[in-house]
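Examining the three-dimensional arrangement
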Amino acid sequence: MNDVLENYDLRICRKEELTELQKFINDNWKNNHLLATNKVLMDWQHLDRKNQSYNFVIAECRHTKQIHGILGYIPTSHFDKSIKDCDIWLALWQVKEGINVTGLGMVLLKFLVNIKKPRSIAGYGFNKSMIPILRFFGHEVKELNHYYIINDHKNNFGLIGNFDGIYKHNKFVVDNEKKFIRYNENSFLKLSKNLSNFFSEGIIPAKSFTYYYNRYFLHPIYKYHIYGIVKKGKISSILVFRLASYLSNKALRMVDYFGSSNGIIGTIKEFQKLLYDYDAEYVDFYNLGLSENLLTNSGFIKRDIPNKVIIPSYFEPFVKKNVTLRLGLKCDNKYNYFICKGDGDQDRPS
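Since the structure is predicted, the reported quantities are computational estimates derived from the model, not experimental observations.

1. Describing the pattern of salt bridges
- All told, the structure shown has 20 salt bridges when counted by the stated rule.
- Note that Arg253 is salt-bridged to Asp284, the shortest N-O span being 2.6 Å. In this pair, Arg253 sits in strand β13 (residues 249–259) while Asp284 sits in strand β14 (residues 282–288), placing the two residues 31 residues apart along the sequence. In terms of burial, Arg253 and Asp284 fall into one category: buried.
- Residues Arg348 and Asp345 are paired through a salt bridge, measuring 3.5 Å at the closest nitrogen-oxygen approach. Like Arg348, the residue Asp345 is buried in the burial classification.
- Sharing partners across several salt bridges, the network here consists of Arg11, Arg14, Glu17 and Glu60.

Laid out in structure tokens, this is it:
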């Protein structure tokens, strides 16, 4: 550890160091990764315009003047500057192979925590080698729950594997008064006052109406579909979807949910209508924080190992396999932590 501190300069990546950062990502993470080739996406996700820097900790070797390690991060305030609480998602985390330096990844994380002093810090989708580091720093390591609903108008599938024929179970309830209403950018902006009570101080990471608008309507590449759950003219919850496809086969990814946790109960018919409208094989939903009972009452089935049904998650490129997302989390115990696939950097082009 002392060797790392003696031989490396650690700092937040300066704006003028973007070319070096992108070269490191290309050479050490993934060749032609979009963050290495697309400045628009990199700026949208990581550029701190106020401080003229990128939200990456970098470790520069003092002898070679080369970057040997990086740790990306995304504070919720990146999408709404008025958010005061420091809640951070970890992003791309990589140390250069073959440098024979022990503990550089750990030092990157410690540096970030020391300078930002986050109320909560979490990241997921890491390779297994990072898990001991997270546990060393007191992070709980959990698995996100994965739920799905299959289009009951389909019996031939190009995406799903090992389908067991179960479209629904006997636990769900139906509330025919609840409807899904889609919002475009203008109609969503008009909801600002209506949704002010959706953002509880007891739930972290801290988010806001502005956060959701900037995160989903202003994405430079992905198109998101925003729906409200409405009953008797009153909105109880907001759902965020993204359509993914492989060849002519489609999947509807539910990447975010906010509002009343009970709002989703009884909406199985509305989910099926969405699947018909988008001609999608399934809708799936990764999350940690919503109870299984709430989701099964809404028609979702929890993906687990015994039933062997394959609900693909990778589309760029498409891989027909189940994906377990592991979360490393450290936060104040008095808060409720709620996370979906749209949080952090998991739902991004690669």
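2. Digging into a positive patch on the surface
- Taken together, the side chains of Lys15, Arg49, Lys50, Lys81 and Lys84 make up a positively charged region of the molecular surface.
- Following the sequence through the fold, Lys81 ends up in the loop between β4 (67–75) and β5 (87–95).
- Since its relative accessible area comes to 54%, Lys81 is described here as exposed.

Calculation criteria
Residues numbered from 1 in each chain as written. Predicted model: local features only at pLDDT ≥ 70, side-chain atom pairs only at ≥ 80, totals over all residues. Heavy atoms only, no water. Salt bridge = Lys/Arg side-chain N within 4 Å of Asp/Glu carboxyl O. Helix = DSSP H or I, 4+ residues; strand = E, 2+ residues; numbered from the N terminus. Buried < 20%, exposed > 50% of the residue type's maximum accessible area, 1.4 Å probe, protein only. Patch = residues over 30% accessible without salt bridge, like charges linked within 9 Å, V, L, I, M, F, W, Y side chains within 5 Å. Areas by Shrake-Rupley, 256 points an atom, 1.4 Å probe, with all protein chains shown as cover. Lys, Arg positive; Asp, Glu negative; His and termini not counted. Charge placed at Lys NZ, Arg CZ, Asp CG, Glu CD.

These values are about where atoms sit, not about what they do.
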